[in-house]
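Survey of secondary and tertiary structure
Here is what each chain is made of, one letter per residue.
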Amino acid sequence: FFFQAEDGIRDAQESRGLGDVYKRQLPRRPPQPIKYSGEDNLHVIFISSFAYVLASVYNIKLPANHRDKNVRQVLTNKVSKMMLSEYAPNRKKVQSLEEEGQKNGNVNVAAPAQAQNDLDLNPDQLLKTLTKLMTDQGLMKGNELIPESALTVCGAVEFEKDEDSNCHVDLLHAMTNIRASSYRLDPMDWITVKLKSGNIIPALATTTAVVAALQTIEMCKIILNSEVFLYRNAFVNLAIPSVALSEPMQSRKYKINNKVQFTIWDRWDIDCRTSGIGSFQDLLSYLGSLTDLQPLDVMKGSQAIYLFNMMNSDMKKEENRRILSSPVNEVIDFDGNNKYVELLVTYCNRRNQAEVYKNLPIVRVNFR
């Protein structure tokens, strides 16, 4: 938590400079990264209190004198010996901050570097990654989930400001003052934090936490290859509170011909390395054989890559020949930073060109 907050501030510095980020806020107090120090009493209290609260969640026994200064210092000294990787800018976050600055009319904004996709959303790869993660964490063995009775069960810890030994107020006091020092705000003493925290109703379950938990449950069903009737849609209203579950309907299938049946969730993946696609003509021919349709226009986002009617006019014959024979990566403007390019392709019936199909699945062309 401590070092992630520090890196987040540094990412903002990498993007536009703190003057631009906070130029509309008065007084102007841009955050400053805080260097962790075992000599800083706030840092010592934060590390020890956070460790104690986590230990309480996982039912780990701690010494009775955990609030003693010497005990806290021993834990903090161990943290000081941890070797952390050097800070490296999060290019995706920097790029998003750059784009936000451009929308807000900021000038002199450096061109953001092309962000690399950190997550490959290939379903098979995602399942392998999740299965490996759950196996490494001791939640699965083979393809079977380990029974809950065999796992170390964590418990909920209820916030209680009037019990000093639970470190709840200690943690709040350290966190808020570290945050305040980052923004150069006046610190708040321990008793004030305790009094104010009593006026805050803690969120027992935020919407984000509920949604994340429900998604995890459904992802486990995917890993276990469960039947469709076991899946659930959830409608949640925490204000009432109310949680209603329903069985999802089968996605509607659209049939164009004997070769093409799809749902709105489908995507067609093409691997140029294994399918023998070299030129742009090879790609169109491959799509034609895949769908038994005639590919027409090819779009990459809002950019027109190929317009069938225009390129087949008498004035464009030579240009059309050159484009079709060019390497596919050049025509669709593959820059090499990503693994793939997604295209939207329209088609027509080969026997009736007036019969045009515009809403077929996205085509993802993989290059590596």
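Calculation rules
- Within every chain, residues take consecutive numbers counted from 1 along the sequence as written.
- Selection of residues for local features in this predicted model requires a pLDDT of at least 70, selection of side-chain atom pairs for listing and counting requires 80 or more, and totals for whole chains, interfaces and linings are taken over all residues.
- Think of the side-chain values as coming from all heavy atoms in the structure, minus any hydrogens and water.
- Numbering of helices and strands runs from the N terminus, with a helix taken as a DSSP run of H or I at least four residues long and a strand as a DSSP run of E at least two residues long.
- The contact criterion used is simple: two residues touch if any of their non-hydrogen atoms lie within 4.5 Å.
- Under the convention used here, a 1.4 Å probe and the Shrake-Rupley method define accessible areas, while residue burial counts only the protein chains that appear.
- Residue types Ala, Val, Leu, Ile, Met, Phe, Trp, Tyr and Cys, when buried and joined through side-chain atoms within 4.5 Å, form a set referred to as a nonpolar core.
- Burial status follows relative accessibility: with a 1.4 Å probe on protein chains alone, a residue under 20% of its type maximum counts as buried, one over 50% as exposed, and anything between as partly exposed.
- Any Phe, Tyr or Trp ring, taking Trp's six-membered ring, that has another such ring centre within 6.5 Å forms a pair; planes under 30 degrees apart are called stacked, those over 60 apart edge-to-face, and the others tilted.
- In this scheme, Lys NZ or Arg CZ marks a charge over a ring once it lies within 6 Å of the ring centre and within 35 degrees of the ring normal.
- A carboxyl oxygen of Asp or Glu within 4 Å of a side-chain nitrogen of Lys or Arg is what we treat as a salt bridge.
- Only the contacting stretch of a helix is used when fitting its axis, a line to C-alpha atoms as for every element, and angles between N-to-C directions run 0 to 180 degrees.
- Throughout this description, any angle smaller than 35 degrees is read as roughly parallel, any larger than 145 degrees as roughly antiparallel, any in the 65 to 115 degree range as roughly perpendicular, and the remainder as oblique.
- For this classification, Asp, Glu, Lys and Arg are treated as charged, while Ala, Val, Leu, Ile, Met, Phe, Trp, Tyr, Cys and Pro are nonpolar and the rest, including Gly, are polar.
- Here, patches come from residues exposed beyond 30% relative accessible area and free of salt bridges, joined within 9 Å for like charges and within 5 Å for nonpolar side chains (Val, Leu, Ile, Met, Phe, Trp, Tyr).
- To estimate how far a helix should reach, multiply one less than its number of residues by 1.5 Å.
- Taking the helix axis as origin, the arc is that swept by the directions to the C-beta atoms.
- Confidence of the predictor in every single residue is expressed as pLDDT, which spans 0 to 100.
- Only when DSSP finds a minimum of two bridges between them are two strands counted as paired.
- Each helix crossing is assigned a hand: it is left-handed if the near helix lies turned anticlockwise from the far helix by less than a right angle, otherwise right-handed if that turn is clockwise.

Time to look at the overall build of the protein chain. Summing up its helical and strand segments, the protein chain has 14 helices and 12 strands in all. Contacts in the protein chain between residues at least 24 apart in sequence constitute 61% of all its contacts with a sequence separation of at least 6. Here the protein chain has roughly 24600 Å² of accessible surface; of this, 54% comes from carbon and sulfur atoms.

Before going further, it helps to examine the nonpolar core. The biggest cluster of nonpolar side chains holds 33 residues, and the ones touching the most others in it are Phe-280, Leu-283, Tyr-306 and Ile-332. The leading source of residues in this core is strand S10 (residues 340-349), at 5 residues. Setting aside chain neighbours within four positions, we find Leu-283 in contact with Ile-270, Ile-277, Val-328, Leu-343 and Val-365. Counting residues in hydrophobic clusters, the runner-up holds 10 residues, among them Tyr-36, Ile-45, Ile-47 and Ile-178.

Time to look at the packing of aromatic side chains. Per the counting criterion, the structure on display carries 5 aromatic pairs. Note on Phe-334 and Phe-367: the rings are 4.2 Å apart at their centroids and 20° apart in plane angle, and the pair reads as stacked. One end of the pair, Phe-334, is in the loop between helix H14 (328-331) and S10; the other, Phe-367, is in the segment after strand S12 (362-366), and 33 residues separate them in sequence. Summarising the burial analysis for this pair, Phe-334 and Phe-367 share the class buried. A cation over an aromatic ring shows up here: Arg-364 above the ring of Tyr-340, its NZ or CZ 3.8 Å from the ring centre.

What follows concerns the pattern of salt bridges. Here the structure, examined in full by the defined rule, presents 12 salt bridges. Of the charged contacts in the structure, one is a salt bridge between Glu-319 and Lys-316, with a shortest N-O distance of 3.2 Å.

This part takes up the environment of Leu-344. Take Leu-344: it is sitting in strand S10. A relative accessible area of 36% means that Leu-344 is categorised as partly exposed. Separated by 44 residues in the primary sequence, Leu-344 and Lys-300 have C-alpha atoms spaced 6.4 Å apart. The contacts of Leu-344, once residues within four sequence positions are left out, are Asp-297, Val-298, Met-299, Lys-358, Leu-360 and Ile-362.

It is worth spelling out the packing of helix H7 (residues 168-182) against helix H8 (residues 190-197) at this point. Closest axis-to-axis distance for the H7/H8 pair is 9 Å, and the angle between their directions is 110°. Judged on the interaxial angle alone, H8 and H7 are roughly perpendicular. For the pair H7 and H8, the contacting residues are Val-169, Asp-170, Leu-172, His-173 and Thr-176 in the first and Trp-190, Val-193, Lys-194 and Ser-197 in the second. Within the contact of H7 with H8, the residues separate by chemical class into 4 nonpolar, 3 polar and 2 charged.

Here we take up a nonpolar patch on the surface. Together, Phe-50, Leu-54, Tyr-58, Ile-60 and Leu-62 give the surface a local cluster of nonpolar side chains, amounting to about 440 Å² of exposed area. Locating Phe-50 in the fold gives a position in helix H3 (residues 41-57).

For an α-helix, 3.6 residues make a turn, and residues three or four places apart therefore share a direction. If you check helix H11 (residues 280-291), its first and last C-alpha atoms are 17 Å apart, about what 12 residues at 1.5 Å a residue would give, namely 16 Å. Of all the residues in H11, the buried ones are Phe-280, Leu-283, Leu-284, Leu-287, Gly-288 and Thr-291. Along the long axis of H11, the arc covered by the buried residues comes to 135°, so they all point the same way. Just beyond H11, the residue with positive phi is Asp-292, at close to 60°.

This paragraph deals with the confidence of the model for the protein chain. Here the protein chain averages 79 in pLDDT, and 76% of its residues register 70 or above. Per-element confidence in the protein chain is highest for strand S8 (residues 294-300), whose mean pLDDT is 94, and lowest for helix H2 (residues 18-21), whose mean pLDDT is 45. Across residues 14-24, confidence stays below pLDDT 50; counting only partners more than four residues off in sequence or on other chains, it has 31 contacts. For the stretch residues 106-120, pLDDT sits under 50, and the model shows 28 contacts to residues farther than four places along the chain or on other chains.

This part covers the pairing of strand S3 (residues 233-237). As judged from the 5 bridges shared by S3 and strand S4 (residues 242-246), these two strands associate in the antiparallel manner. The partner of Phe-235 across the bridge, within S4, is Ala-244. Between S3 and the antiparallel strand that follows it, S4, lie 4 residues.

Checked against the element boundaries, Ala-64 lands in the loop between H3 and helix H4 (69-80). For Ala-64, a relative accessible area of 80% translates into the label exposed.

A word on the packing of H3 against H7. The geometry of H3 relative to H7 is characterised by a closest axis approach of 8 Å and an angle of 135° between their N-to-C directions. Considering the angle they form, H3 stands oblique to H7. Here the hand of the crossing between H3 and H7 comes out left-handed. Contacts between H3 and H7 involve Leu-42, His-43, Ile-45, Phe-46, Ser-49, Phe-50 and Val-53 on the former and, on the latter, His-168, Asp-170, Leu-171, His-173, Ala-174, Met-175, Asn-177 and Ile-178. The residue inventory of the contact of H3 with H7, partitioned by class, reads 9 nonpolar, 5 polar and 1 charged.

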